[in-house]
Amino acid sequence: MSDAADFGFDTLQIHAGARPDPATGARQTPIYQTTAYVFRDADHAAALFNLQEVGYIYSRLTNPTVAVLQERIATLEGGVGAVCCSSGHAAQIMALFPLMQPGCNVVASTRLYGGTVQQFSNTIRKFGWSAKFVDFDDLDALRAAIDDDTRAIFGESIANPGGYVTDIPAVAEVAQEAGIPLVIDNTSATPWLCRPIEQGATLVVHSTTKYLTGNGTVTGGAVVDSGNFDWSANGKFPSMSEPEPAYHGLKFHETFGPLSYTFYGIAIGLRDLGMTMNPQAAHYTLMGIETLSLRMQRHVENARKIAAWLEADPRVETVTYAGLPSSPWYERAQKLYPRGAGALFTFAVKGGYDACIRLVDSLQIFSHVANLGDTRSLIIHPASTTHRQLTPEQQIAAGAGPGVVRVSIGIEDPDDLIRDLDQALEKATA
Ligand SMILES: *Cc1c(COP(=O)(O)O)cnc(C)c1O
């Protein structure tokens, strides 16, 4: 395709990055199930290894099927490049890797996916990195948490699972004042509901496992770069601005300009950390992403209907969905996420922990799984599963207290979903 700016989202989700296969004319993107690529000659091989020429060497770094998906996601997010990874959690490490050194920290929202809280609280310490968690609605606290060793701010557009929506333009302003990038996990919103780069984010990460693939088949992740951060401005990002010994002293930012972060992610990140997406996974995600906008419209429409029905039901205590006027973030969601506040929300059942367990066990259409963003409707009780490792305070801060269940509303007939919830609530609260 020519310039992406000439086309609408519905066209780009099908065509961006793809072209008929040059060898066969195959219209659908082939699964290039190969580990390595034959060099034209020894000079070609040397040029590829020196990063003097862009091309395929080995599928830990690049693969043509994965490359199509990378371009597709970068285009949908309005970025200049993307690196696909083996999972969403891999993408988070890959996003931070070019920015961080031992002793550096990331300032993160208190309202994050439970696995991310875990990764940031404990695991990244093994690299000598750390995280400070702050409430992103308190911009003074956010500013105060940033110190000389802070290299990124990290939040989620629509936070999973508490019904929180981040004021990305306000947080982006703080990041800009501090001269550090804002990283937004856009998994729950998808670029159909929110384009964080347009609102000031530098980097976007995804768990493609969720809505982008859309049908619960493969794990994957992506890191998208806006291409508009000046990595050489303040000496905080030596990986990008200083000579890289592994490539004969090449300086990534100076050499590759707006593509430097993406190239670093591939040439150093994937090369040495190996968190690579495989071409089969890329194929499934390419299949899914073609219908992203259609699915998201239906996900949101169903979520609105079901959230409103639950809120009016006497067996339900509260519903936290930013698409309902009762949400403290309703106005913000209307303004920043006008197509809808996603399809993921929590509700509290009268009867607390035990009623939640009975509800989960009584549903027939909803599946009890640790996943979200599937065509199928899903439910989980975070306090006994995904958020089990967190302290009760962390659970409540993340919107996943003991009396709360999280639903990921699918694209089935909404009346069937309501009937299912009705019968299960009857059993749960009997
Ligand atoms: C699932 C998820 C992740 C982690 O992604 P994986 O593909 O499971 O590694 C990160 N952030 C959010 C918001 C998620 O929903």
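All of these numbers come straight from a predicted model, not from anything done at the bench.

**Structural notes on the pattern of salt bridges**
No. 1: Overall, the coordinates contain 15 salt bridges when judged by the stated rule.
No. 2: With its nearest N and O atoms 3.4 Å apart, the salt bridge here joins Arg40 to Glu53. Here Glu53 lies in the loop between α2 (42-49) and α3 (64-77) and Arg40 lies in the loop between α1 (9-15) and α2, a separation of 13 residues in the sequence.
No. 3: Residue classification places Arg40 among the exposed residues on the basis of a relative accessible area of 62%.
No. 4: Between Arg195 and Glu198 there is a salt bridge; the shortest N-O distance is 2.6 Å.
No. 5: For Glu198, a relative accessible area of 58% puts it in the exposed group.

**Quick word on the site of the ligand**
No. 1: Around the ligand lies a shell of 14 residues, among which Gly88, Asp185, Ser207, Thr209 and Lys210 are the nearest.
No. 2: In the model, a nitrogen atom of the ligand is placed 2.7 Å from a nitrogen or oxygen of the Asp185 side chain.
No. 3: In this structure, an oxygen atom belonging to the ligand sits 2.8 Å away from a side-chain N or O atom of Lys210.
No. 4: Within the complex, 92% of the 380 Å² of free accessible area of the ligand lies under protein.
No. 5: Along the lines of polarity and charge, the residues of the shell around the ligand split into two nonpolar, nine polar and three charged.

**Observations regarding the packing of aromatic side chains**
No. 1: A complete count under the given rule lists 16 aromatic pairs for this structure.
No. 2: Between Tyr164 and Trp329, the aromatic rings sit 4.9 Å apart at their centres with planes inclined by 85 degrees, giving edge-to-face as the arrangement. Of this pair, Tyr164 sits in strand β6 (residues 164-165) while Trp329 sits in the loop between β10 (316-320) and α14 (330-336), and the two are 165 residues apart along the sequence. Here the two residues Tyr164 and Trp329 agree in accessibility, since each one is buried.
No. 3: Judged by centre distance (4.5 Å) and plane angle (45 degrees), the ring pair of Phe229 and Trp231 falls under tilted.
No. 4: A relative accessible area of 15% means that Phe229 is categorised as buried.
No. 5: For Trp231, a relative accessible area of 2% gives the class buried.

**Things to note about the sheet that holds β10**
No. 1: Spatial ordering of the open sheet is given by β10-β11-β14-β13-β12, a layout of five strands whose pairing is mixed. The open sheet has two edge strands, β10 and β12 (367-368), and neither has a second partner.
No. 2: Across the sheet, helix α13 (residues 292-311) touches β10 and β11 (344-349), and the angle it forms with β11 is around 15 degrees.

**Observations concerning α3**
No. 1: A rise of 1.5 Å per residue sets the reference length of α3, with its 14 residues, at 20 Å; its end C-alpha atoms lie 20 Å apart and thus fit the reference within 8%.
No. 2: Among the 14 residues that make up α3, 12 are buried, leaving the element largely enclosed by the rest of the structure.
No. 3: Among all positions of α3, only Pro64, Thr65, Val66, Val68, Leu69, Gln70, Arg72, Ile73, Ala74, Thr75, Leu76 and Glu77 are buried.
No. 4: Buried residues along α3 sit in contact with α1, β1 (81-85), α8 (190-193), β8 (203-207), β9 (221-225) and α12 (279-289).

**Some remarks on the domain arrangement of the chain**
No. 1: If you check the domain split of the chain, you get domain 1 (7-288) and domain 2 (293-428).
No. 2: Between the C-alpha centres of domain 1 and domain 2 there is a distance of 29 Å.
No. 3: Contacts between domain 1 and domain 2 engage 39 residues on the former and 38 residues on the latter.
No. 4: Taken together, the two surfaces of domain 1 and domain 2 that pack against each other cover about 3200 Å², and 57% of this comes from carbon and sulfur.
No. 5: On the domain 1 side of the interface with domain 2, the three residues burying the most area are Pro161, Trp192 and Tyr211, jointly 25% of the side's total.
No. 6: In this structure, the connection of domain 1 to domain 2 is made through one salt bridge.
No. 7: Note that Arg332 is salt-bridged to Asp137, the shortest N-O span being 2.9 Å.
No. 8: The interface formed by domain 1 and domain 2 contains 13 residue pairs in polar contact (both at pLDDT 80 or more).

**Things to note about the pairing of strand β3 (residues 130-134)**
Consecutive residues of a regular strand have side chains that alternate between opposite faces of the sheet.
No. 1: Bridge analysis of strand β2 (residues 105-109) against β3 gives five bridges, and the strand direction is parallel. Paired with Val106 across the strands is Ala131, a residue of β3.
No. 2: Between the parallel elements β2 and β3, the chain passes through helix α5 (residues 114-121) in a crossover that is right-handed.

**Quick look at unusual backbone geometry**
No. 1: One non-glycine residue, Leu51, lies in positive phi territory at about 60 degrees.
No. 2: For Leu51, the position within the fold is in the loop between α2 and α3.
No. 3: A residue is classified by how much of its surface remains accessible, and Leu51, at 23% relative accessible area, is partly exposed.
No. 4: You will see that Thr190, though not glycine, has its phi angle at about 65 degrees, which is positive.
No. 5: Structurally, the position occupied by Thr190 is in helix α8.

Analysis parameters
- Residues numbered from 1 in each chain as written.
- Predicted model: local features only at pLDDT ≥ 70, side-chain atom pairs only at ≥ 80, totals over all residues.
- Heavy atoms only, no water.
- Salt bridge = Lys/Arg side-chain N within 4 Å of Asp/Glu carboxyl O.
- Helix = DSSP H or I, 4+ residues; strand = E, 2+ residues; numbered from the N terminus.
- Buried < 20%, exposed > 50% of the residue type's maximum accessible area, 1.4 Å probe, protein only.
- Near = heavy atom within 4 Å.
- Polar contact = N/O pair within 3.5 Å; in protein donor to acceptor, adjacent residues only side chain to side chain.
- Areas by Shrake-Rupley, 256 points an atom, 1.4 Å probe, with all protein chains shown as cover.
- Nonpolar A, V, L, I, M, F, W, Y, C, P; charged D, E, K, R; others polar.
- Phe/Tyr/Trp six-rings, centres within 6.5 Å; stacked < 30°, edge-to-face > 60°.
- Pairing = 2+ DSSP bridges.
- Contact = heavy atoms within 4.5 Å.
- Axes fitted to C-alpha atoms, helices over the stretch in contact; angles between N-to-C directions.
- Expected span 1.5 Å × (residues − 1).
- Domains from an automatic or database assignment.
- Buried area = accessible area lost by both parts, 1.4 Å probe.
- Right-handed = clockwise from strand over helix to strand, strands pointing away.

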